[in-house]
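So the chains spell out like this:
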Amino acid sequence: MFDEIQFEKTKRLPKYVFAAINEIKLQMRHNNEDVIDFSMGNPDGPTPQHIIDKLCQAAQKPKNHGYSVSKGIYKLRLAICDWYKLTYGVILDPNTQACVTMGSKEGYAHLIQAITNPGDTAIVAEPAYPIHSYAFILNGANVVSFPIKWNDKMELDETHYFDNLIASLHESTPKPKFVVVGFPHNPTTTVVSLSFYERLVALAKQERFYIISDIAYAELCFHGYKAPSILQVKGAQDVAAECYTLSKTYNMAGWRVGFVVGNTKMVEALQKIKSWLDYGIYTPMQIASTIALNGSQDCVQQIKAKYQKRMEVLIRSFKTAGWEIQKPQASMFVWAKIPECAENLGSVEFSKRLLQEAKIAVSPGVGFGHHGEGYVRIALIENENRIRQAARNLKNFLKQFK
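Now for a description of the structure that goes with this document. (Residues numbered from 1 in each chain as written. Predicted model: local features only at pLDDT ≥ 70, side-chain atom pairs only at ≥ 80, totals over all residues. Heavy atoms only, no water.)

Some words on helix α6 (residues 130–138)
Turning to step 1, where the next piece is worked out: For α6, the full list of buried residues reads I131, H132, S133, A135, F136 and I137.
Turning to step 2, where the next piece is worked out: Buried-residue contacts for α6 involve α5 (103–115), β3 (121–124), β4 (142–144), β5 (178–181) and β6 (210–214).
Turning to step 3, where the next piece is worked out: Where α6 ends, the next residue or the one after it, G140, has phi of about 80°, a positive value. (Buried < 20%, exposed > 50% of the residue type's maximum accessible area, 1.4 Å probe, protein only. Helix = DSSP H or I, 4+ residues; strand = E, 2+ residues; numbered from the N terminus. Contact = heavy atoms within 4.5 Å.)

Thoughts on the nonpolar core
Turning to step 1, where the next piece is worked out: Judged by nonpolar contacts, the single largest core of 71 residues is most densely connected at Y84, Y161, L165, F196, I211 and Y250.
Turning to step 2, where the next piece is worked out: Residue contacts for F196: discarding those within four places in its chain leaves L156, E158, Y161, F162, V181 and F183.
Turning to step 3, where the next piece is worked out: By size, the runner-up hydrophobic cluster in this structure holds 39 residues, among which are Y307, F318, W323 and V376. (Core = buried A, V, L, I, M, F, W, Y, C linked by side-chain atoms within 4.5 Å.)

Describing the packing of helix α4 (residues 74–88) against helix α10 (residues 283–294)
Turning to step 1, where the next piece is worked out: In the contact formed by α4 and α10, the axes pass within 9 Å of each other and the chain directions differ by 15°. Between α4 and α10, the angle falls in the class roughly parallel. As α4 runs across α10, the sense of the crossing is left-handed. Packed against α4, whose contacting residues are K75, L76, A79, I80, D82 and W83, the element α10 presents Q286, S289, T290, L293 and N294 at the interface.
Turning to step 2, where the next piece is worked out: Counted by class, the contact of α4 with α10 contains five nonpolar, four polar and two charged residues. (Axes fitted to C-alpha atoms, helices over the stretch in contact; angles between N-to-C directions. Parallel < 35°, antiparallel > 145°, perpendicular 65-115°, else oblique. Left-handed = near helix turned anticlockwise from the far one by under 90°. Nonpolar A, V, L, I, M, F, W, Y, C, P; charged D, E, K, R; others polar.)

Concerning the pairing of β5
Turning to step 1, where the next piece is worked out: Here β5 shows a buried face lined by F178 and V180 and a second buried face lined by V179 and V181.
Turning to step 2, where the next piece is worked out: In this sheet, β5 lies alongside β3 in parallel orientation, the contact comprising three bridges. For A122, the partnering residue across the bridge sits in β5 and is F178.
Turning to step 3, where the next piece is worked out: Strand direction decides the pairing type here: β5 and β6, joined by four bridges, are parallel. Among the inter-strand pairings, V181 is bridged to a residue of β6, identified as S213. (Pairing = 2+ DSSP bridges.)

Some remarks on the environment of H185
Turning to step 1, where the next piece is worked out: Summarising the element assignment, H185 is placed in the loop between β5 and α8 (194–207).
Turning to step 2, where the next piece is worked out: Residues H185 and D214, 29 residues apart in the sequence, show an inter-C-alpha distance of 8.6 Å.
Turning to step 3, where the next piece is worked out: Only 2.7 Å separates the side chain of H185 from the side chain of T188, close enough to count as a polar contact. (Polar contact = N/O pair within 3.5 Å; in protein donor to acceptor, adjacent residues only side chain to side chain.)

Section: unusual backbone geometry
Outside of glycine, negative phi angles account for most residues, and trans bonds account for most peptide bonds.
Turning to step 1, where the next piece is worked out: Residue P127 follows E126 across a cis peptide bond; omega there is 0°.
Turning to step 2, where the next piece is worked out: Relative to the elements of secondary structure, P127 occurs in the loop between β3 and α6.
Turning to step 3, where the next piece is worked out: Following F183, the chain continues to P184 via a peptide bond in cis, the omega torsion being 0°.
Turning to step 4, where the next piece is worked out: Structurally, P184 can be placed in the loop between β5 and α8.
Turning to step 5, where the next piece is worked out: A positive phi angle, close to 75°, is found at T189, a residue other than glycine.
Turning to step 6, where the next piece is worked out: Classification of T189 by relative accessible area gives buried; the value is 1%.

Okay, structure coming up:
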């Protein structure tokens with residue numbers, strides 16, 4: 001009887017492409033094999049000590065152990081708005097334009113649940129972080145995609161982007177209600193200038209759609225590049241909401257603290273749905289998060305410098321090993337085109353063999369949409385010695401294809 005019951009919503013989700021790589025990796029580790037793991041963007045460094053100290057202090061107070069506030073305690077929402085003012089010169093209302101979330105992934109997914117109706121259409125360029133598309137699909141909406149392109153400096157090809165975006169807006173039925181962007185981009189690391197957002201906001205007002213921006217890697221920028229926020233654009237708050245997370249900037253991935261800010265209508269919809277679904281993050285973690293945003297940002301500079309050094313070591317050592325990769329300007333990833341000698345394998349088979357034969361774990365590009373085929377994503381979560389060891393393993397691995 002129960003076998004006849006179908007869970008239609010989850011049937012819309014595809015098989016998880018990364019599962020095959022993860023299964024091989026886990027089996028190798030079970031066999032005590034040393035895997036150099038670049039597959040997941042999971043920061044390997046500790047949370048800065050002053051943030052941990054504040055958590056411990058706050059946890060000693062019994063009043064902080066009860067239910068919290070689903071949209072986040074006021075002092076954290078105020079700290080978020082102060083951070084936006086200091087970082088971007090953007091003024092936000094902590095009551096109506098900021099909502100604390102359990103990481104940006106949960107915040108994004110619940111935002112989409114709050115604002116999407118079955119049958120709506122969203123535009124998400126690919127490759128894309130999977131939840132950017134599948135949050136809509138899980139809520140009965142449709143997703144239109146087109147490939148993004150970039151130049152040799154990993155800067156977005158804006159002409160190509162807007163040509164495809166405008167075509168998608170005019171050719172899709174029903175007309176798209178949402179456009180999702182995320183720069184610095186995951187997985188490709190592509191970056192944009194403020195002029196990109198100015199053009200996007202103007203188009204949103206002309207064509208009447210909302211924008212959801214994900215800037216999870218905005219603070220991890222290199223070589224003088226500074227990632228803009230869409231909310232810096234005059235009038236952006238009329239049409240845009242933005243997601244952020246403390247996970248990467250402060251090595252707080254396991255804390256699950258993020259937020260959504262911007263357009264009052266969208267943020268209040270998120271606040272309302274969260275009031276039905278959860279009681280918020282543990283209060284001492286929120287208190288400590290205010291210290292992260294309000295306190296010294298020296299730790300952020302140290303974390304950024306670590307990723308930049310790792311990136312440079314990886315680009316240089318992998319090139320020596322026979323794999324030339326474009327250098328990113330931001331994020332904690334490298335987006336690498338499969339070496340020409342092995343490109344016929346495709347991203348999944350190449351990733352499997354790289355793991356099994358060279359003991360290097362990466363994420364196959366096709367896992368980020370079919371426009372990601374031919375690439376792999378490499379996370380900068382191993383130290384420099386491990387990166388150099390990976391390069392030595394890689395060099396031996398690539399010999400068989402030449």
